[in-house]
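Descriptive structure summary
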Amino acid sequence: MTLRTHRIAIAPSGFKESLSAARVAEAIAVGVRRVIPDADLDLIPLVDGGEGTAEALALAGGGRLVPVTATGPVGEPVASHFALLGGPGPLTAVVEMAAVAGLALVPPGLRHPGATTTYGVGELIRAALDAGARRILVGCGDSGTSDGGAGALQALGARLTDRHGRELRRGGGALHELERVDPSGLDPRLARTELLVACNPYNVLCGKRGVARVFGPQKGATPAEVELLSAGLERLADVLTRDLAPASGAPAIDLRTAPGTGASGGLGAGLAAVGARLLPRYDVLLDGLDLDARLARADFVITAEGALDHQTVRGKIPAEVARRAHASGVPVLVLAGTIGPGAQDVRAVGVDAYSAILPAPMTLVEAIDRSDEFLADATERAMRIMALGTRLAPLAAA
């Protein structure tokens, strides 16, 4: 491996609840330039539909952010936003579910996914419709909810009722009581709007790999709550299929197991039931970045994410970057806030090396507060080791 031309592509994701993808890229660039001051750097901050997606796409597409106050995941108003993009064609809006229902908006003491709601996501979609959008891209990721999109449907005008005809309370913990979905009050503009959901196709609503079982514990669910949520999402899928999907005219998909139905705690399934198309997120979010060509021009690629573990290969940004770079024979280094079980699996998708950025054990608060510093320092260490390796290579050949 040699850095003789010093063309380095820096294509990271953000560090959740810490740094945006743009700030991660800038910190890595600082570390590179400490070792190779004249490096030709191509900074390509990437988003996966989670935190920062609306802002990133607005910047890339000549658009703007529109501030909105909406219902947060625990039911209190939060300052949120959506993006309106520039360019030709129908006015396009980007609704970032994390901006109104993300885990970062759920205080640690209130992280009970049976109670949190996507109601605010529906409010953002309605706000985008009010702004004239006729194409709405919903970015899924970093959610703090597990309600199958039930809250979003309620905000869009659907009635979800129990066997007594009473409106279902918000949150995935109530879904096992669902008896009927009445679509008659749905916002009629949805039928005239292209609704696209950028999601991880690995995430499904139900079954052994259902979203409640895979992500519920991360959001604060106990084992008993996981089973309750799973049962509720199964019930939701059945009722939506019976009551709502036929009325929406949406193509028939299996709301239980179709790719992406489990996105953002099942938001994918809820929106699919009103006609949304579930699309692999990178097919949508990387459009216009010319990523493959930019990676192929590089001699070396650095990517990064907050946690490198068994989930990375299931559609996370470093795996996507490595897969694309590997196709062009370009080596890839991953920097991560933490290294967890299964991290070694990333070698199968084209990662050549990976490293944690923390120099010593510390509290989570300190790690978050100093993450840009640690990223720059870790990058510098990696680059110096690589530079040493290029000097030793001729000796090894001899």
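Further up the page is the structure itself.
First, a word on what this report is: a plain description of the structure on this page. (Residues numbered from 1 in each chain as written. Predicted model: local features only at pLDDT ≥ 70, side-chain atom pairs only at ≥ 80, totals over all residues. Heavy atoms only, no water.)

**Brief notes about empty space enclosed by the protein**
Tallied over the full model, the rule gives one cavity of 30 Å³ or more. Of the voids in this model, the largest cavity is the one considered here, and its volume is about 30 Å³. Considering the residues around the largest cavity, the lining is formed by Leu205, Cys206, Gly207, Gly210, Arg213, Ser230 and Glu234. Across the lining of the largest cavity, the residue classes tally to two nonpolar, three polar and two charged. (1 Å grid on protein atoms, 1.4 Å probe; cavity = no way out; pocket = protein on both sides within 12 Å on 5 of 7 lines; lining within 4 Å. Points joined across faces, edges and corners; volume = space filled by probe spheres on them. Nonpolar A, V, L, I, M, F, W, Y, C, P; charged D, E, K, R; others polar.)

**Remarks on the environment of Val66**
Note that Val66 resides in strand S3 (residues 64-71). Accessibility expressed as a relative area gives 17% for Val66, which makes it buried. For the pair Val66 and Ala127, spaced 61 residues apart in sequence, the C-alpha to C-alpha distance is 9.3 Å. If sequence neighbours within four positions are ignored, Val66 has contacts with Ser80, His81, Phe82 and Leu84. (Helix = DSSP H or I, 4+ residues; strand = E, 2+ residues; numbered from the N terminus. Buried < 20%, exposed > 50% of the residue type's maximum accessible area, 1.4 Å probe, protein only. Contact = heavy atoms within 4.5 Å.)

**Details of the pairing of strand S1 (residues 7-10)**
Across four bridges, S1 lies against strand S2 (residues 40-43) in parallel orientation. Each bridged residue has a counterpart across the sheet, and for Ile10 the counterpart in S2 is Leu43. Tracing the backbone out of S1, into helix H1 (residues 21-35) and back to the parallel element S2 gives a crossover that is right-handed. Two strands pair when backbone bridges link them, and S1 and strand S11 (residues 300-308) are joined in this way by three bridges, in the parallel orientation. Residue pairing in the sheet places Ala9 in a bridge with Val301 of S11. (Pairing = 2+ DSSP bridges. Right-handed = clockwise from strand over helix to strand, strands pointing away.)

**Points about helix H2 (residues 53-60)**
Three or more residues of H2 are buried, namely Thr53, Ala54, Leu57 and Ala58. All buried residues of H2 project into a common sector of 125° when viewed along the axis, lining one side. Exposed residues pointing more than 90 degrees away from the buried face of H2 are listed as Leu59 and Ala60. Taken together, the buried residues of H2 touch S3, strand S4 (77-84), strand S5 (92-96), strand S6 (135-139) and helix H10 (281-285). A positive phi of about 65° marks Gly62, the residue just after H2. (Arc of directions from axis to C-beta.)

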